[in-house]
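What follows is each chain in one-letter form.
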Amino acid sequence: MSGPLIVLVGPMGVGKSTVGELLAERLGTTYRDTDADVVATAGKAISEIFFDEGEEHFRALERQAVRDAMAQHKGVLSLGGGSVLDEKTRELLAGHTVVYLSMDVDEAVRRVGLNTARPLLAVNPRRQWRELMDARRHLYEEVAGSVVATDERTPEEVAQAVLDVTELPERTGEPMPSGRENTRMTEQGTTRIQIAGTAGTDPYEVLVGRQLLGELPNLIGNRAKRVAVLHPEALAETGEAVREDLAAQGYEAIAIQLPNAEEAKTVEVAAYCWKALGQTGFTRTDVIVGIGGGATTDVAGFVAASWLRGVRWIAVPTTVLAMVDAAVGGKTGINTAEGKNLVGAFHPPAGVLCDLAALDSLPVNDYVSGMAEIIKAGFIADPVILDLVEADPQGARTPTGPHTAELIERSIRVKAEVVSSDLKESGLREILNYGHTLAHAIEKNERYKWRHGAAVSIGMVFAAELGRLAGRLDDATADRHRAVLESVGLPLTYRGDQWPKLLENMKVDKKSRGDLLRFIVLDGIGKPTVLEGPDPAVLLAAYGEVSA
């Protein structure tokens, strides 16, 4: 039976969220909380919903949140304390692995009795607790296959007890897997890669396969009334076809055409989109869909992040670069005269649909450009990627190659693992910028007319030489950068006379701290690290190795 791996039920304050997150981490999956879904839908805290609209309205929101989560979520799920009161919810739980986390009255009063954010325990907590449990205990026991007591246990001990009674296998392996710990394959051959929610964001899935547009309505959901389809001029027919399909399914769907490529990433284009949303009456429950390359998904995500301080959005990337990089992780942004992506927000999508059929008609230079990000993933985390490219460089240049799906899936899994741990680039996520410091400087110098992957390729060769000169990287691995990148047709050099301009551009890079330049370099394959404030002479020497 499809559905959540584990469902946690129990009274408020028992620790379902804490235990659920621990379980998700140990099982190598994602965590979801229906109370958080209700808050996101209503745009206010649960206590405010109770006060403003009453318990009946809250229960209706909760019932829908449980129904959606049971249908969509595949990891660890926790339900609100009173959700089992609803007969239809109890029916939804039948046949699933449900664990009831229990605690006695003294423990309950100690944990939640003085917390006025718990609307049903605001007055006389001991009596209220007994009344609540008299009404609910038998329902918890009815839906649950196992009961785990939490009294005088740490969250870690409770999580272990849940694993013991459910007999589910824990995830094993290194923190940067090349396997499929965060992946599952559907019956139709579609790979679903989990991105864990962090910093208050919801988890979501990246789907990789063919003929995926049928998944759009499921991701949009029934709470949305309006959908805006953002697409570049080059995909006008595709954008209109998607709009028509969504309109036929009952949504008020509009299409917003953007300029092609980096020309879309301006504040003027964003303002044009905001105006269209305003004229359409877009609300917080409505959804934006971005169909196109990395520039389109960057703009779509940024518009979604900034409209009404954040609405849901779905990415439908149509290029290799967008599939493995831009559409995953929630980094959105636009360019300014001062640099690339300096204005933006962290706003993860509700889902990503990577339809490999879109790559069949991609121009070869655009396809090869995306290979730079795939090769980057190989150097920073998954050397199997490098092996696959080296085994068939010509095959790696085309969507009909024997390893296309695996290369894309492996690259997405690398990014998924990183962004699930570090949404806002405070630590681990910086490794995804390998080669990007110089690349962004080149792109700015070329007024964003260069393909991103071409600049990243040169940036990686520069970073490898910088690592070598700094005594961090061995000669063989540095040389391997050149061999792998050149084998698929990516450039290795840039104009030597541009170094002063590039150096100035790098000083305003997002990864810099004050005047201190920071570069991601390698101590070896799969061993990225930060090099801060390298000697200017070393920088110049490294650039000399990529100068034409």
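Before reading on, note that the structure itself is shown above.
Residues numbered from 1 in each chain as written. Predicted model: local features only at pLDDT ≥ 70, side-chain atom pairs only at ≥ 80, totals over all residues. Heavy atoms only, no water.

(A) Structural view of the packing of aromatic side chains. Counted under the stated rule, the structure contains six aromatic pairs. Members of the aromatic cluster, joined through ring pairs, are Phe-462, Trp-499, Phe-519 and Tyr-543. (Phe/Tyr/Trp six-rings, centres within 6.5 Å; stacked < 30°, edge-to-face > 60°.)

(B) Looking closely at the nonpolar core. With 95 residues, the main nonpolar core has Val-206, Ile-288, Met-371, Ile-375 and Phe-462 as its most contacted residues. Tyr-31, Leu-101, Val-162 and Leu-163 belong to the second-largest nonpolar core, a separate cluster that totals 18 residues. (Core = buried A, V, L, I, M, F, W, Y, C linked by side-chain atoms within 4.5 Å. Buried < 20%, exposed > 50% of the residue type's maximum accessible area, 1.4 Å probe, protein only.)

(C) View of helix H1 (residues 16-27). Its twelve residues give H1 an end-to-end C-alpha distance of 16 Å, which sits within 8% of 16 Å, the value for a rise of 1.5 Å per residue. For H1, the complete set of buried residues consists of Lys-16, Val-19, Gly-20, Leu-23, Ala-24 and Leu-27. Buried residues of H1, seen end-on, are gathered within an arc of 140° and therefore sit on one face of the element. Buried positions along H1 lie against strand E1 (6-9), strand E2 (31-33), strand E3 (76-78), strand E4 (98-102) and helix H8 (155-166). A positive phi of about 70° marks Gly-28, the residue just after H1. (Helix = DSSP H or I, 4+ residues; strand = E, 2+ residues; numbered from the N terminus. Expected span 1.5 Å × (residues − 1). Arc of directions from axis to C-beta. Contact = heavy atoms within 4.5 Å.)

(D) Broad picture of the pattern of salt bridges. Within the structure shown, the criterion is met by 31 salt bridges. Among the ionic pairs, Lys-265 bridges to Glu-262, the shortest N-O distance being 4.0 Å. On the accessibility criterion, Lys-265 (1% relative accessible area) is buried. Classification of Glu-262 as buried rests on a relative accessible area of 18%. For Glu-465, the salt bridge goes to Arg-468, with nearest N and O atoms at 3.0 Å. Taken together, the positions of Glu-465 and Arg-468, both in helix H19 (residues 452-469) and three residues apart, correspond to about one turn of that helix. Classification of Glu-465 by relative accessible area gives buried; the value is 3%. What makes Arg-468 partly exposed here is its relative accessible area of 22%. (Salt bridge = Lys/Arg side-chain N within 4 Å of Asp/Glu carboxyl O.)

(E) Representation of the environment of Val-343 in the model. In this fold, Val-343 is placed in strand E14 (residues 339-346). Of the residues examined, Val-343 reaches a relative accessible area of 34% and is grouped as partly exposed. Separated by 76 residues in sequence, Val-343 and Val-267 have C-alpha atoms that sit 9.0 Å apart. Residues contacting Val-343, with those up to four places away along its chain left out, are Phe-302, Thr-332, Gly-333, Ile-334 and Thr-336.

(F) Just the environment of Val-364, in detail. The residue Val-364 is located in helix H14 (residues 364-380) in this model. With a relative accessible area of 42%, Val-364 lands in the partly exposed category. The spacing of Val-364 and Arg-397 is 33 residues in sequence and 7.4 Å in space, taken between C-alpha atoms.

(G) Region of interest: the sheet that holds E3. The strand order E2-E3-E1-E4-E5 describes an open sheet built from five strands, whose pairing is parallel. With one partner strand each, in any of the chains shown, E2 and strand E5 (146-149) form the two edges of the open sheet. Adjacent strand axes in the sheet meet at a mean angle of 25° when their direction is disregarded. Judged from the three bridges that link them, E2 and E3 form a sheet pairing that is parallel. (Pairing = 2+ DSSP bridges. Axes fitted to C-alpha atoms, helices over the stretch in contact; angles between N-to-C directions.)

(H) Broad picture of the side chain of Ser-102. Position of Ser-102 relative to the elements: it lies in strand E4. Leaving out residues up to four positions away in the same chain, Ser-102 has contacts with Val-14, Val-147, Val-148, Ala-149, Thr-150 and Asp-151.

(I) The packing of helix H21 (residues 499-506) against helix H22 (residues 536-544), seen in detail. Relative orientation of the contacting elements H21 and H22 amounts to 120°, with a least axis distance of 12 Å. When the interaxial angle is binned, H21 and H22 end up oblique. H21 and H22 meet at a crossing whose hand is right-handed. In this structure, H21 uses Trp-499, Leu-502 and Leu-503 to contact H22, whose residues at the interface are Leu-539, Leu-540 and Tyr-543. Grouping the amino acids of the contact of H21 with H22 by side-chain chemistry returns six nonpolar, no polar and no charged. (Parallel < 35°, antiparallel > 145°, perpendicular 65-115°, else oblique. Left-handed = near helix turned anticlockwise from the far one by under 90°. Nonpolar A, V, L, I, M, F, W, Y, C, P; charged D, E, K, R; others polar.)

(J) Local environment of the pairing of strand E9 (residues 226-232). Taken across its seven residues, E9 has seven buried, putting it largely inside the fold. In terms of strand pairing, E9 meets strand E10 (residues 252-258) through seven bridges, oriented parallel. Paired with His-231 across the strands is Gln-257, a residue of E10. In this region the chain leaves E9, passes through helix H10 (residues 236-248) and returns to the parallel neighbour E10; the handedness of that crossover is right-handed. Note that E9 and strand E11 (residues 287-292) share four bridges and pair parallel. Each bridged residue has a counterpart across the sheet, and for Val-229 the counterpart in E11 is Val-289. (Right-handed = clockwise from strand over helix to strand, strands pointing away.)

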